[in-house]
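# Chain and residue survey
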Amino acid sequence: MSEGRRIWDISEAVSERSAPFPGDTPFTREWVARMADGASCNVSTIRMSVHVGTHADAPLHYDDGGLGSAAVPLDAYLGRCRVLEIEGVGDPSEVPVEALSAIESAGVERVLIRTSARHDGETWNPTFTSVGVAAAEHLVASGVRLVGIDTPSVDHATSKDLPTHQVFRRAGTALLENLDLSSVPPGDYELIALPLKIAGSDAAPVRAILRELES
C-alpha cells in the first residue's frame, strides 16, 4: 500500500534571498492586490530566471533546436531513482567516475547526486561540484535517463561551452539542478519532479519530491 509512505521535499524554497547564477535574473515579487489595502484577495506577480531554485533544464537551454520545457517527455521525471552521496575531487571539483560504481549493472535509470551534507540556496558558491564530462559519459553508458545534482549546474560555473550538458543532450538525458538532498540518506526512492509546462522555455521550475518505496 502507498498510504503512509514518507516524503522528502528536495526542492529549494524560492524567495528574494535565492542566489541566482551570476548574470541571471533574481527572484522579485510585486503585490498587485492586498487584502490589507482593501482588496478582496491577495494577488502577486513574480519575475525570475527559470534557473533560479530547483529546476529542470530543457534541451533548448543548450541546443537552439532542442525541445522546450512544455515539449519534453515526462516519463524520465517519474519513477524509481537512486541517491548517491559523492564528494567532488579536483579543481574545479567534479564527480569522480569511480564513485559511480554503485549503479553499474543495477538497472538504475535515475541518479541524484548529493555532494554536500548542507544545502544553502541563498549563497552563491562558485566552487560548487559539477558532474563533469567523464562522469556524464559513464552515467550515459550505464543507461541512466535522468541525472540530478544538489548544485547549480552539471558543468563548472566558468564553463562557456557546457561540455557536460552536451554529453547529456546527445543521449537525451533529463537534468535536474539545485536539488536539496541534505536530509536524504543515500538509497533508492521514488522520484516525482515534473517541470512546469512553459512553452518555448529553456528550463522550468520543479517541485521535486522523493517518496519512500512501497514495501
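Provided above is the structure to which this section pertains.
Bear in mind that the values here come from a model prediction, so they are computed numbers and not experimental data.

## Description of unusual backbone geometry
For the bond running from Asp91 to Pro92, omega is 5 degrees, close enough to zero to count as cis. Note on placement: Pro92 falls in the loop between strand 5 (78-85) and strand 6 (110-114). Look at Leu162: it is not a glycine, yet its phi comes out positive at around 50 degrees. One can find Leu162 in the loop between strand 7 (146-149) and helix 2 (163-171). With phi around 60 degrees, Asn178 is a residue other than glycine that occupies positive phi space. Along the chain, Asn178 falls in the loop between strand 8 (174-177) and strand 9 (187-192). Residue Asn178 is classed as buried on the basis of its relative accessible area, which comes to 8%.

## Things to note about the pattern of salt bridges
Counting across every chain of the model gives 11 salt bridges. Here Arg207 makes a salt bridge to Asp9, at a shortest N to O gap of 2.8 Å. Linking Arg207 in the loop between strand 10 (203-205) and strand 11 (209-211) with Asp9 in strand 1 (residues 7-9), this pair joins segments that are 198 residues apart in sequence. A salt bridge links Glu109 to Arg110; the shortest N-O distance between them is 3.8 Å. Through salt bridges with shared partners, one network takes in Asp75, Glu109, Arg110 and Arg145.

Cut-offs applied
Residues numbered from 1 in each chain as written. Predicted model: local features only at pLDDT ≥ 70, side-chain atom pairs only at ≥ 80, totals over all residues. Heavy atoms only, no water. Helix = DSSP H or I, 4+ residues; strand = E, 2+ residues; numbered from the N terminus. Buried < 20%, exposed > 50% of the residue type's maximum accessible area, 1.4 Å probe, protein only. Salt bridge = Lys/Arg side-chain N within 4 Å of Asp/Glu carboxyl O.

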